[in-house]
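What the coordinates show
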Amino acid sequence: MTKLDQIRAAEAKLLLSTYERNPILFVGGQGVHIVDEKGDRYLDLLSGIGVNALGYNHPVIEEAIARQSRALIHTSNLFYHQGQAELALRLTERTGLDRVFFSNTGTEAWEAAMKLARAYAGLLRSEGKHIGTKFLALEQSFHGRTFGSVSTTYKAKYREPFGPVVPGVEFVRFNDVADLRAKFSSEVCSILVEAIQGEGGVRPLTQEFFAEARTLATSTGALLIVDEIQAGMGRTGKWCAYQHYGIQPDVTTLAKPIAGGIPLGAMLCTEEAARAIHAGMHGTTFGGGPLACAVAIAVIDFIEKQNLLAHATEVGDYFQQQLRSLAARHSAIIDVRGKGLMLAAELDSTDLAKLTVAEMLKRKILINCTSDTVLRFLPPYILKRSHVDTAIAALDEIFTEHAGAVSTAVHTTGGQNHV
């Protein structure tokens, strides 16, 4: 048996069946490439689902890990270490918010945001204001896997196996201002949005919808909470995707690329909202540990020093232009959208989308498919135009070879496309 065979057999016996893995054993990486056990290099346009902002084996991250691991890896949050305040300063300066709670993951950051919204509404009620406990979330949203997070995640396949989920959540049609107005009331304690939906298919909010959400929340004291777990920390060319709109939330959540591969999340809020939390109400064992904070500081400083926000914008614009040129040649691509290095190409067929991901993998290029028909690209911020050209050439080849055949097969068999 190969090493991969041994690991697959062991996992089949020992692990909970939560993942449909591809039969590849990765052992290392360098830059934008990840390497399997045979030494084959794969161009990673997914970056561990938006995590590896600086790619693989980046010296800045390696040095930060080595330096901090020799000093202090963990201490409980009953004591101080020098990393949290230093990192919190960087995050507040870049988000425009005032206070930070550190977690291990994005879903935990979202849980903290939801708990803050309920606590803040309770504080307002104690001060004589009428405000309820209801959450408004958006159709096609994805906020995580824990109970509160999954309760505000739209797709039934994520929620229904675990029902009943947390009550008090209503979903608004995406970018439908009239529906938002109809469902908003003083019973709502928070409006929950992603500036650009990730799992939902890389779908940006419209300026009108986002602005109306801000106006409605302000009118009653409800909190506008923006999930930046996938879009934030520079991926779209700004530190947060909401900054493209000129709209400031009351709360935001960060995770994925924040520490370049080390688990870390953060919930940030205004000084006003922070009034609702006092010592003992919320906490974490591992969140904001010395190692994670040290790496996050190094990642943020490198992004800024190397002007990677501008680079993400420039290479992302080039990538999007090339995808649009590809769409002009292949009718199977029905939409191209996104911002910076958070991009999508929507296809006209579920079968073609699935086949494209598999064919790209054969060509040693990693992407994935979300919302059945959407090819998603979340590459490292160090991506170059030459890497984009490699990907576009592969996609062109795949669509030329397969798009017509898949379309004919779907039509012949009476299959349906799901958007």
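Here the structure is a predicted model, which means the values were calculated and not measured. (Residues numbered from 1 in each chain as written. Predicted model: local features only at pLDDT ≥ 70, side-chain atom pairs only at ≥ 80, totals over all residues. Heavy atoms only, no water.)

1. Some words on the sheet that holds strand β13 (residues 333-339)
Cut-off, in case you're wondering: Here a strand pair is declared whenever DSSP counts at least two bridges between the two strands. Numbered from the N terminus, helices here are DSSP runs of H or I no shorter than four residues, and strands are runs of E no shorter than two. As a rule, the C-alpha atoms of each element are fitted with a line to give its axis, helices using only the stretch in contact, and angles between N-to-C directions run from 0 to 180 degrees. Contacts between residues were defined by any pair of non-hydrogen atoms, one from each residue, lying within 4.5 Å.
Read from one edge of the open sheet, four strands run β13-β14-β17-β16, paired in antiparallel fashion. The strands lining the two open edges of the sheet, one partner per strand, are β13 and β16 (368-370). In this sheet, adjacent strand axes meet at a mean angle of 30° when their direction is disregarded. Both β16 and strand β17 (residues 374-377) contribute to a ladder of three bridges, which runs antiparallel. From the neighbouring strand, Asn368 faces β17, where its bridge partner is Arg376. Together, β13, β14 (342-347) and β17 form the strand contacts of helix α12 (residues 308-329), whose direction differs from that of β13 by roughly 175°.

2. Focus on the layout of surface pockets
Basically, it comes down to this: With a 1 Å grid laid over protein atoms only, a set of points is called a cavity when a 1.4 Å probe fits there but cannot get out and a pocket when it is open yet has protein on both sides within 12 Å along at least five of seven lines; lining residues have an atom within 4 Å of a point. Grid points are joined across faces, edges and corners, and a volume is the space filled by probe spheres set on the points. Each residue gets one of three labels, nonpolar for Ala, Val, Leu, Ile, Met, Phe, Trp, Tyr, Cys and Pro, charged for Asp, Glu, Lys and Arg, and polar for the others, Gly among them.
Volume-wise, the second largest pocket comes out at about 860 Å³. Surrounding the second largest pocket, 28 residues form its lining, Gln84, Val100, Phe101, Phe102 and His282 being those nearest its centre. For the lining of the second largest pocket, the elements supplying multiple residues, two or more each, are α4 (83-95), β4 (99-103), α5 (106-126) and β12 (265-269). The element best represented in the lining of the second largest pocket is β4, accounting for four residues. For the lining of the second largest pocket, the per-class residue count stands at 16 nonpolar, nine polar and three charged.

3. Digging into the packing of aromatic side chains
Our working rule: Aromatic rings from Phe, Tyr and Trp, with only the six-membered ring used for Trp, were paired whenever their centres fell within 6.5 Å, and each pair was classed as stacked if the ring planes differed by under 30 degrees, edge-to-face if by over 60, and tilted otherwise. In this scheme, a residue with accessible area under 20% of its type's maximum is buried, one over 50% is exposed, and one in between is partly exposed, where area comes from a 1.4 Å probe on protein chains only. Whether a charge sits over a ring depends on NZ of Lys or CZ of Arg being within 6 Å of the ring centre and within 35 degrees of the ring normal.
Applying the stated criterion across every chain, the model contains five aromatic pairs. Relative to Tyr42, the ring of Phe26 lies with its centre 5.2 Å away and its plane at 90°, an arrangement referred to as edge-to-face. In this pair, Phe26 sits in strand β1 (residues 26-30) while Tyr42 sits in strand β3 (residues 41-44), placing the two residues 16 residues apart along the sequence. Given a relative accessible area of 30%, Phe26 falls into the partly exposed group. When its relative accessible area of 5% is taken as the criterion, Tyr42 is described as buried. Aromatic pair Phe142 and Tyr158: ring centres 5.2 Å apart, planes at 70°, arrangement edge-to-face. Pair noted here: Phe142 is in the loop between β5 (134-138) and α6 (147-151) and Tyr158 is in helix α7 (residues 156-159), with a separation of 16 residues, a long-range link. We classify Tyr158 as buried; its relative accessible area is 10%. Over the aromatic face of Trp239 sits the side chain of Arg94, whose NZ or CZ is 5.5 Å from the ring centroid.

4. What about the nonpolar core?
Worth spelling out the cut-off: The term nonpolar core refers to a set of buried residues drawn from Ala, Val, Leu, Ile, Met, Phe, Trp, Tyr and Cys, joined through side-chain atoms within 4.5 Å.
Within the largest apolar cluster, 88 residues are counted, with the highest numbers of intra-cluster contacts made by Leu87, Leu91, Ile191, Phe210, Leu224, Ile258 and Met267. The element that contributes the greatest number of residues to this core is α5, accounting for 11 residues. In this structure, Met267 is in contact with Arg99, Val100, Phe101, Ala109, Ala112, Ala113, Leu116, Val251, Thr252 and Thr253, ignoring residues within four places of it in sequence. Of all hydrophobic cores here, the second largest spans 33 residues; its members include Tyr318, Met360, Phe377 and Ala394.

5. A few points about the pattern of salt bridges
Two side chains bearing opposite charge may form a pair once their charged atoms approach each other closely. Applied cut-off: What counts as a salt bridge is simple: a side-chain nitrogen of Lys or Arg found within 4 Å of a carboxyl oxygen of Asp or Glu.
Using the criterion set out here, one finds 24 salt bridges in the structure. The residue Arg173 makes a salt bridge to Asp176 at a minimum N-O spacing of 3.0 Å. Each of Glu359, Lys362, Arg363, Glu397 and Glu401 takes part in salt bridges that share partners, so that together they form one network.

6. Some remarks on the packing of helix α3 (residues 59-71) against helix α11 (residues 290-305)
So the rule is basically this: In these notes the angle categories are as follows: under 35 degrees is roughly parallel, over 145 is roughly antiparallel, 65 to 115 is roughly perpendicular, and the rest is oblique. By convention the crossing between two helices is left-handed if the near helix lies anticlockwise of the far one by an angle smaller than a right angle, and right-handed if it lies clockwise.
Contact pair α3 / α11: the axes reach a minimum separation of 9 Å and the direction vectors enclose 150°. If you check the angle between α3 and α11, you find them roughly antiparallel. Considering how the two elements wind past one another, α3 and α11 form a crossing that is right-handed. Across the interface between the two elements, Val60, Ile61, Ala64, Ile65, Gln68 and Ser69 of α3 pack against Pro290, Leu291, Ala294, Val295, Ala298, Val299 and Phe302 of α11. Of the residues contributing to the contact of α3 with α11, the split by class is 11 nonpolar, two polar and no charged.

7. A short note on the packing of α4 against α11
Closest axis-to-axis distance for the α4/α11 pair is 9 Å, and the angle between their directions is 35°. Crossing handedness for the pair α4 and α11: left-handed. On α11, the residues that touch Gly83, Gln84, Glu86, Leu87, Arg90, Leu91 and Arg94 of α4 are Cys293, Ala296, Ile297, Ile300, Asp301 and Glu304. When its residues are assigned to classes, the contact of α4 with α11 shows six nonpolar, two polar and five charged.

8. Structural notes on the sheet that holds strand β6 (residues 169-172)
With mixed pairing, seven strands are arranged side by side in an open sheet as β4-β12-β11-β10-β7-β5-β6. Taken across any chain shown, the strands that pair with only one partner, and hence form the sheet edges, are β4 and β6. Adjacent strand axes in the sheet meet at a mean angle of 20° when their direction is disregarded. Here three bridges tie strand β10 (residues 223-227) to strand β11 (residues 251-254), and the two strands are oriented parallel to one another. Its bridge partner being in β11, Asp227 is matched across the sheet by Thr253. Each of β4, β5, β7 (188-194), β10, β11 and β12 is contacted by α5, which is oriented at about 180° to β10, the strand it contacts most. Contacts between helix α9 (residues 207-220) and the sheet are confined to β5, β6, β7 and β10, with β10 contributing the most and set at about 145° to the helix.

9. Describing the confidence of the model for the protein
Condition: A residue's pLDDT is simply how confident the predictor is in it, with values from 0 to 100.
Overall, the prediction assigns the protein a mean pLDDT of 96, with 97% of residues at 70 or greater. When pLDDT is averaged over each element of the protein, β10 comes out on top at 99 and helix α14 (residues 385-413) at the bottom at 83. In this model, residues 410-419 is a region of pLDDT below 50 whose contacts with residues beyond four sequence positions or in other chains number 14 contacts.

10. Examining the state of the cysteines
To be explicit about the condition: Two cysteine sulfur atoms form a disulfide, by the criterion used here, when they sit within 2.5 Å.
If you walk through the whole model with that rule in mind, you get zero disulfides. Not part of a disulfide, Cys240 finds its nearest cysteine sulfur in Cys269, a span of 14 Å.

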